[in-house]
Amino acid sequence: MTRTRSAGPAPQALAPQAPPAAAAATNGAPAGGPSGDRGLHRHLLREMLLQRRFEERCAEAYALGKIGGFCHLYIGQEGTGTGAISVLRDDDYVITTYRDHAQAIARGIPPRAVMAELFGKATGCSHGKGGSMHLFSRERNFLGGHGIVAGNIPIATGVAFAIKYRGGDQVCLCFFGEAAVNNGAFHEALNMAGLWRLPVIYIIENNRYGMGTALERASAINDIAERARAYNMPRSVVDGQDVLTVRAVVGEAVERARREQLPTLIEARTYRFMGHSMSDAVSGTYRSKAELEEHLKRDPIALLRARMHERGEITDEEVAQLDAEVRAVCEDAWQFADSSPEPTLDALTSDVTAETESTAGAPIAAARS
Amino acid sequence: MAVVTYRDALNQALREEMERDERVFLMGEEVAVYQGAYKVSKGLLQEFGDRRVIDTPITELGFAGVGVGAAMVGLRPVVEFMTWNFAVLALDQVVNSAAKMLYMSGGQFPIPIVFRGPSGAALQLAAQHSQAWESWLMHIPGLKVVTPGTPADAKGLLKSAVRDGNPVLVLEGEMLYNTRGEVPEGEHVVPIGVAELKREGEHCSLITNGKMVLVALQAADQLAKEGIRIDVVDLRTVRPMDVAAITASVRKTNRAVVLEEGWEVCGIGAQVVDYVQRECFDDLDAPVLRVHQVDTPMPYAKNLERAAKPDAAKTIAAIKRVLYLDS
């Protein structure tokens, strides 16, 4: 059983793999990929900053009515998604919940395509038919934002089933909130993943609240990673605000999944700095301002920045430069989304059913060995 | 042509499709070691091994979702529900995931998957095991719903379902598995969305599907003895529905009765009647009547169950009424 308490940097064995090529291209990471810890840290910092600024622009766009429906922001949780997704290969899979904007960007979907989807435009990554909760990219093996709590967990399990069926060594990363672990779909899926030894990594983003219901008010046990015991599955608890630790722990689980086709349940303890969605107060009803302020001290971006300062890996000027860069990316995404065309009306009735026999789905590479 | 049971026809379809396409696998409760709760998968474990014929825990929601995930990345799952009565537990995955994924991903992720199993009432299984699910499922855009009533259609429609690029729901019948009929050997594919005129006549159209096809044919036989000849239109697929076949028959006979296994409210017949009133308004010589299960949960007692179910006698009475022969 794995139980990680270390807050240290990524161990050498897991160290710096290049981020996905498309992410590098899209998000402007240095050509040739990061070199060593400094490059990696800078890449992760930039990714998280980009997500933060992107979500801030989403809040602004929502207030202006440019984004409709429900809109769930990731602010405060960037360390978890960024660290986890950073260890994947391009041919791995990611599936997540309705709080999906930042993870879509981390996976390399261009911010333009994400913002355009939120604006309901034809140029969006789901062609304007999914919206905030349903971001998809076949090209990036991003299998969606899903709007039903725990609904994505059996699907992730099926993706892992298919990987094993084909003899591949990819993995599927599946994100969901701590409230989903009380849902039957979670238990049904984890039982099968444990029983059949499937290469899936389940990441509980424990942000403490399922909407406004605290974990302690919804779960019979508070140490929810313990639920993995029931399904004969390795488990870890990780500080979700520490992107490097998340990266290390998820990296270990990913390697185990590739080598031994074992699933892992990881509880990342994190916190959302905003409301559940755009329609609830940040604090004052189900959580206190004092509690929020305590958690704001552990901002994942500030934590990484402080560590990089300490090690002399970045200067304030360089941080400001990075911030300016990602703000420009977000402004560009906004302008692109705003000026993009709405879907044509024939899109209303297209893609209800596939026209022909499907050869379906993203390709699964053959076994590598 | 070989005469085989409905069960064996389904078994042939599965075997042939699994031989044809290595992406096809069968998953469900008791499909492997036990050889299928209704023996539809008999011999498949021995032939294809446990990689492709997979026993699941009793966890309909979970394994339906596993099927969706596998389909999403390129496999072609056949998911067996021991009965559709249990599949109600899996409807989130069928409706919210399988049916909508293509649309909400803007066309990026088709879900080529078959969900199959028996639907409707058998004998004295009482309320929770005796529900015809067609009308619930046919309500959902993104799904195709087929209801074979004969062994030949069972084989041909299941083969089409496996080859289709969409979620296709195959609603079989516990009471049909032992029925026999001629089934073409080898390649036999029945297109989805195409009805078949199972009996031809000129006095009335009897529009039906699935298990009720046999009831309809019984009614037609008895009516023929009285000189009343009817069209029996077997819809075979209830979504998408073959409206042209319905209207062609009604325009010929000018009268129609719709026979279905399930309840009246929002039933298949409600949809058929809507097509008929829109397309054949000037052709009708009588109101269209419907025959269906009585609007109650299914009772256990034999006499009550008999009274609840649609049958040939009720169908004949309805047809005579639209012919104004019931006085």
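Each chain has its residues counted from 1, running along the sequence as written. Labels are handed out in written order, letters beginning with A for the chains and numbers beginning with 1 for the ligands. For this predicted model, a pLDDT threshold of at least 70 governs which residues receive local features, and a threshold of 80 or more governs which side-chain atom pairs are given and counted, while totals over whole chains, interfaces and linings are taken from all residues. The basis for the side-chain values is all heavy atoms of the structure; hydrogens and waters are excluded.

### Some details on the overall build of chain B
Okay, so step 1: Runs of H or I in DSSP of at least four residues are treated as helices and runs of E of at least two as strands, each being numbered from the N terminus. Along its length, chain B carries 13 helices and 14 strands.
Okay, so step 2: The globule rule is 2.2 Å times the number of residues to the power 0.38, and the radius of gyration it is compared with is taken over C-alpha atoms. Rg of the C-alpha trace for chain B: 20 Å, near the compact-globule value of 20 Å for 327 residues, within the 12% margin.
Okay, so step 3: Expressed along its principal axes, the backbone C-alpha trace of chain B runs to roughly 60 × 45 × 40 Å.
Okay, so step 4: Under the scheme applied here, a residue whose accessible area is under 20% of the maximum for its type counts as buried, over 50% as exposed, and between as partly exposed, the area being computed with a 1.4 Å probe on protein chains only. Per-residue burial for chain B yields a buried fraction of 63% across its 327 residues.
Okay, so step 5: For chain B, restricting intrachain contacts to residue pairs at least 6 apart in sequence, the fraction spanning at least 24 positions comes to 82%.
Okay, so step 6: On chain B, roughly 11700 Å² of surface is accessible, and the fraction owed to carbon and sulfur atoms is 54%.
Okay, so step 7: His residues and chain termini do not enter the charge count, which takes Lys and Arg as positive and Asp and Glu as negative. Charged side chains are reduced to one point each, which is NZ for Lys, CZ for Arg, CG for Asp and CD for Glu. Distance from the positive charge centre (34 side chains) to the negative charge centre (42 side chains) of chain B: 2 Å. The contact criterion used is simple: two residues touch if any of their non-hydrogen atoms lie within 4.5 Å. Here the accessible surface of atoms and residues is derived via Shrake-Rupley with a 1.4 Å probe, and residues count as covered only by protein chains that are part of the display.

### A word on the domain arrangement of chain B
Interfaces are often described in size by the accessible area the parts lose on coming together.
Residues and elements named next belong to chain B.
Okay, so step 1: Reported domain spans reflect what an automatic or database domain assignment gives. Entries for chain B in the domain assignment read domain 1 (2-183) and domain 2 (196-322).
Okay, so step 2: Placing the centre of domain 1 and that of domain 2 at their C-alpha centroids yields a distance of 26 Å.
Okay, so step 3: Between domain 1 and domain 2, the residue contacts involve 33 residues of the former and 30 residues of the latter.
Okay, so step 4: Summed over both partners, buried area is the accessible surface (1.4 Å probe) that two parts give up on being assembled. Buried surface at the junction of domain 1 and domain 2, summed over both partners, amounts to about 2300 Å²; 57% is from carbon and sulfur atoms.
Okay, so step 5: Of all residues in domain 1, Q124, M138 and T147 bury the most surface against domain 2, accounting for 28% of the area lost on that side.
Okay, so step 6: By definition, a salt bridge exists where a carboxyl oxygen of Asp or Glu is found within 4 Å of a side-chain nitrogen of Lys or Arg. Taking the shortest distance from any N to any O, the salt bridge between D153 and K198 comes out at 2.6 Å.
Okay, so step 7: N or O atoms closer than or at 3.5 Å make up a polar contact, with two conditions inside protein: a donor-capable atom paired with an acceptor-capable one, and, for residues adjacent in sequence, both atoms drawn from side chains. The tally of links from domain 1 across to domain 2 stands at 17 residue pairs in polar contact (both at pLDDT 80 or more).
Okay, so step 8: Within the residue set of the side of domain 1 that touches domain 2, elements represented by two or more residues are α7 (134-137), β6 (144-146) and α8 (151-163).
Okay, so step 9: For this scheme, ten residues count as nonpolar: Ala, Val, Leu, Ile, Met, Phe, Trp, Tyr, Cys and Pro. Four count as charged, namely Asp, Glu, Lys and Arg, and the remainder, Gly too, count as polar. Of the residues contributing to the side of domain 1 that touches domain 2, the split by class is 17 nonpolar, 13 polar and three charged.

### Comments concerning the pairing of strand β4 (residues 200-206) of chain A
Residue and element names in this part refer to chain A.
Okay, so step 1: Taken across its seven residues, β4 has seven buried, putting it largely inside the fold.
Okay, so step 2: Residues of β4 alternate between two faces, with V200, Y202, I204 and N206 on one and I201, I203 and E205 on the opposite face, all of them buried.
Okay, so step 3: Only strands joined by at least two bridges in the DSSP assignment are considered to pair. Examined bridge by bridge, strand β3 (residues 172-177) and β4 share six bridges and lie parallel to one another. For F175, the partnering residue across the bridge sits in β4 and is I203.
Okay, so step 4: With helix α7 (residues 184-196) bridging β3 and the parallel β4, this β-α-β connection has right-handed handedness.
Okay, so step 5: In this sheet, strand β8 (residues 264-269) lies alongside β4 in parallel orientation, the contact comprising six bridges. Bridge pairing links Y202 to L265 in β8. Looking down the strands as they point away from you, a crossover is right-handed if its path from the first strand over the helix to the second goes clockwise.

### Re helix α5 (residues 91-98) of chain B
Okay, so step 1: Counting buried positions over the eight residues of α5(B) gives six, a clear majority of the element.
Okay, so step 2: Along α5(B), the residues that are buried comprise B:L91, B:Q93, B:V94, B:V95, B:S97 and B:A98.

### Side note on the interface of chain B and chain A
Okay, so step 1: Chain B puts 49 residues into the contact, and the matching count from chain A is 45 residues.
Okay, so step 2: Across the chain B/chain A interface, buried area totals approximately 3700 Å², and carbon plus sulfur atoms make up 65% of it.
Okay, so step 3: The interface formed by chain B and chain A includes zero salt bridges.
Okay, so step 4: Connecting chain B to chain A are 16 residue pairs in polar contact (both at pLDDT 80 or more).

### Observations concerning the side chain of B:T253
All names here are of chain B.
Okay, so step 1: Looking at where T253 falls in the secondary structure, it is placed in helix α10 (residues 243-253).
Okay, so step 2: In this structure the side chain of T253 is engaged in a polar contact, spanning 2.7 Å, whose partner is the side chain of S205.
Okay, so step 3: Apart from the residues lying within four places of it in its own chain, the contact partners of T253 are G201, E202, H203, C204, S205 and D231.

### A look at helix α13 (residues 312-322) of chain B
Residues and elements named next belong to chain B.
Okay, so step 1: Within α13, the full set of buried residues consists of A312, T315, I316, A318, I319 and V322. Each buried residue of α13 sits inside an arc of 160 degrees when the element is viewed along its axis, so together they form one side.
Okay, so step 2: Packing partners of the buried residues in α13 comprise β10 (204-208), α9 (212-225), β11 (230-234), β13 (256-259) and β14 (289-291).
Okay, so step 3: For α13, the side-chain oxygen to backbone nitrogen distance between the N-cap and A313 is 3.2 Å, and the N-cap itself is D311.
Okay, so step 4: Taken from the residues just after α13, Y324 is the one with a positive phi, measuring 55 degrees. By construction, the arc corresponds to the directions joining the helix axis to the C-beta atoms.

### Concerning the sheet that holds β10(B)
Whenever strands of a sheet pair, they do so through backbone hydrogen bonds, lying parallel or antiparallel.
All names here are of chain B.
Okay, so step 1: The five strands are arranged β9-β11-β10-β13-β14 in an open sheet whose pairing can be described as mixed. Edge positions in the open sheet fall to β9 (196-199) and β14, since each of these has one partner strand only. Each strand axis lies, on average, 25 degrees off the axis of its neighbour in the sheet, ignoring direction.
Okay, so step 2: In this sheet, β14 lies alongside β13 in parallel orientation, the contact comprising three bridges. Note on geometry: axes are lines fitted to C-alpha atoms, helical ones only across the stretch in contact, with angles between N-to-C directions running from 0 to 180 degrees.

### Quick word on a nonpolar patch on the surface
Okay, so step 1: Like-charged residues within 9 Å of one another, or nonpolar side chains (Val, Leu, Ile, Met, Phe, Trp, Tyr) within 5 Å, are grouped into patches, provided each residue has over 30% relative accessible area and no salt bridge. A surface patch of nonpolar side chains, amounting to about 310 Å² of accessible area, comprises B:V88, B:L89 and B:W136.
Okay, so step 2: Mapping B:W136 onto the fold places it in helix α7.

### Some details on the sheet that holds strand β12 (residues 237-239) of chain B
Residue and element names in this part refer to chain B.
Okay, so step 1: Strand order across the open sheet formed by seven strands is β3-β2-β4-β5-β7-β6-β12, with mixed pairing between neighbours. Whereas interior strands pair on both sides, the edge strands pair on one side only; in this sheet they are β3 (53-55) and β12. Strand-to-strand, the axes of this sheet are offset by a mean angle of 20 degrees, without reference to chain direction.
Okay, so step 2: Pairing analysis gives six bridges linking strand β5 (residues 113-118) to strand β7 (residues 167-172), with the strands arranged parallel. Bridging from a neighbouring strand, I113 pairs with P167 of β7.
Okay, so step 3: Strands in contact with helix α1 (residues 6-20) are β2 (24-28), β3, β4 (76-80), β5 and β7; relative to β2, the strand with the most contacts, it is inclined by about 135 degrees.

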